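Each chain, written out:
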Amino acid sequence: MQEIKSLTSLRGLAAMAVVMQHFSATAQEHSITTIPSLIPHGYVAVDFFFVLSGFIMSYTYLSSFLRDKQRAFPSFLIKRVARLVPLNTFVIFLLLCIGPLSEIIFNKNILFTSDNLIFDAAANLLMLQGIGIGNNLNDPSWSVSTEFAVYFTFPICTLCVFHKKRIFSTFSIIISLSILLYVASRHPHLGLNSEDPVFGVLRCFSEFVLGMCAYRLYTNRSSSWRICQDPALVTLFVFCAAFLVLRIDLVAALFFPIIVVATALNVGRIKKILSSRIPYFLGMISYSIYLIHNPFRPIELEFLRIFHPAPLDTGAALTFAFLGSLSIVPFAWLTYRYIESPSRSLLRQMLQSRRQERAVAPVPNSNDIK
């Protein structure tokens, strides 16, 4: 399956949007005045991840599900475990080591809080915290946990979204939009940010299905070619950014499925820009960027307070937020290069080889059974 590099790059830019929004909040803790966020409502990039995931899962695995039906699910799940679990495990163990160390240095655990660390650590390692089991030790990982839970609905979703009768796909869109509207209606200004795990799962599921529906539109080139032109795609980006500035999450999120399709089909200058070295590099290490950045925030803030005890003015605070965001990139590359990529390949090989051994295991002859 050929990689759509422009979408990989968009994933990297979305990851950096989350990082910049989070570092802006961290800078606010040591600012003398209220500062604007580098990326207003940058957390909505998580909604883009959910939509993009539904699209990419369909792009990558739909053919195997259409061919092998439910028998394709074990292989699908193995590959998703190999993709998500190794880096998550590494980050959790790192937090468990550095957290107590921070108590010695700063007289408090600046990385996480837990009343039952053994239980919480186990829940985080099993990626259950996103569905409300255990306290989340690494804030961004809630979405990874939630998305992993939604993967279990993928076989059923494929039957509905890609059914030959359009009534099923239409019904899927209506249900997804209704769920997302319900989640947004529970918050001011149609916001999507919620700490409630139930709403988190609903938010992820609805956007994941919308991403799958976007892939169906992608395969129907005759009805989607107009939006893939540069002017149309730029317009989509501008409108989406405008609603983020206006802090209306739902409307911005509803642009994401169309943006994904338009970007995937684009063959103009935008594709060349997004497929260039820097955006694509950020996309390659985007999972590491997203998963490791949170522990850096309190650590960098504490060192800032040591070397500059006085609160920062607006310009200095924004500079700290920007440089702090950029500081994540080299560390994310290291974790991608030496942790994420090799462990993913190793785990996938181990799991696949075990399945192959089971598949070729000889079936005992009835005459051999005493």
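Please refer to the structure placed before this passage.
The rules behind the values
- Residues numbered from 1 in each chain as written.
- Predicted model: local features only at pLDDT ≥ 70, side-chain atom pairs only at ≥ 80, totals over all residues.
- Heavy atoms only, no water.
- Axes fitted to C-alpha atoms, helices over the stretch in contact; angles between N-to-C directions.
- Helix = DSSP H or I, 4+ residues; strand = E, 2+ residues; numbered from the N terminus.
- Parallel < 35°, antiparallel > 145°, perpendicular 65-115°, else oblique.
- Contact = heavy atoms within 4.5 Å.
- Nonpolar A, V, L, I, M, F, W, Y, C, P; charged D, E, K, R; others polar.
- Buried < 20%, exposed > 50% of the residue type's maximum accessible area, 1.4 Å probe, protein only.
- Arc of directions from axis to C-beta.
- Core = buried A, V, L, I, M, F, W, Y, C linked by side-chain atoms within 4.5 Å.
- Left-handed = near helix turned anticlockwise from the far one by under 90°.
- Phe/Tyr/Trp six-rings, centres within 6.5 Å; stacked < 30°, edge-to-face > 60°.
- Lys NZ or Arg CZ within 6 Å of the ring centre and 35° of its normal.

Enquirer: Account for the packing of helix α1 (residues 5-28) against helix α13 (residues 277-284), with residues named and values stated.
Expert: Look at α1 against α13: their axes get within 7 Å of each other, and the N-to-C directions meet at 70°. The orientation of α1 with respect to α13, classified from their angle, is roughly perpendicular. Where α1 abuts α13, its residues Lys5, Thr8, Ser9, Arg11, Gly12, Leu13 and Met16 lie against Pro279, Tyr280, Leu282, Gly283 and Met284. In terms of residue class, the contact of α1 with α13 is built from six nonpolar, four polar and two charged.

Enquirer: Which residues make up helix α4 (residues 117-125), and what are the values?
Expert: Of the residues making up α4, those classed as buried are Asp120, Ala121, Ala123 and Asn124. Seen end-on, α4 carries its buried residues on one side only, within an arc spanning 165°. Check the buried side of α4 and you find it contacts α3 (73-106) and α5 (141-150). The positive-phi residue at the C-terminal boundary of α4 is methionine 127, with phi of around 55°.

Enquirer: Before we move on, could you go through the nonpolar core and cite the residues and values that matter?
Expert: Soluble globular proteins: nonpolar side chains tend toward being buried together. In terms of nonpolar packing, the biggest core is built from 102 residues, with Leu7, Phe55, Phe76, Phe154, Tyr218 and Ile289 touching the most fellow members. No other element matches helix α2 (residues 45-68), which puts 13 residues into this core. Leave out the neighbours within four places in its chain, and phenylalanine 76 touches Met57, Tyr61, Phe65, Tyr151 and Phe154.

Enquirer: So what's going on with the packing of α1 against α2? Which residues, and what values?
Expert: Two numbers describe how α1 lies on α2: the axes approach to 9 Å, and their chain directions differ by 155°. When the interaxial angle is binned, α1 and α2 end up roughly antiparallel. Between α1 and α2 lies a crossing whose hand is left-handed. Contacts between α1 and α2 involve Leu7, Leu10, Arg11, Ala14, Ala15, Ala17 and Val18 from the first element and Ala45, Val46, Phe48, Phe49, Leu52, Phe55 and Ile56 from the second. When its residues are assigned to classes, the contact of α1 with α2 shows 13 nonpolar, no polar and one charged.

Enquirer: So what about the packing of aromatic side chains? Which residues, and what values?
Expert: Under the criterion given, the structure shown has 27 aromatic pairs. The interplanar angle of 70° and the centroid separation of 6.1 Å between the aromatic rings of phenylalanine 162 and tyrosine 215 together place this pair among those described as edge-to-face. Taken together, the residues span a long stretch of sequence, with phenylalanine 162 in the loop between α6 (154-161) and α7 (166-185) and tyrosine 215 in helix α8 (residues 197-219) at a distance of 53 residues. Among the aromatic residues, those joined into a cluster by ring pairs are Tyr61, Phe65, Phe73, Phe76, Phe148, Tyr151, Phe152, Phe154 and Phe208. Geometry around tyrosine 280 places lysine 5 over its ring, the cationic atom sitting 5.1 Å from the centre. We note arginine 337 situated over the ring of tyrosine 338; from NZ or CZ to the ring centre the distance is 5.1 Å.

Enquirer: Run through the environment of glycine 315, naming residues and quoting values.
Expert: When you line up the elements, glycine 315 lands in helix α15 (residues 314-360). For glycine 315, a relative accessible area of 43% puts it in the partly exposed group. For the pair formed by glycine 315 and isoleucine 35, sequence separation is 280 residues and the distance between their alpha carbons is 8.6 Å.

Everything listed here is a matter of coordinates, which is why it stays silent on function.
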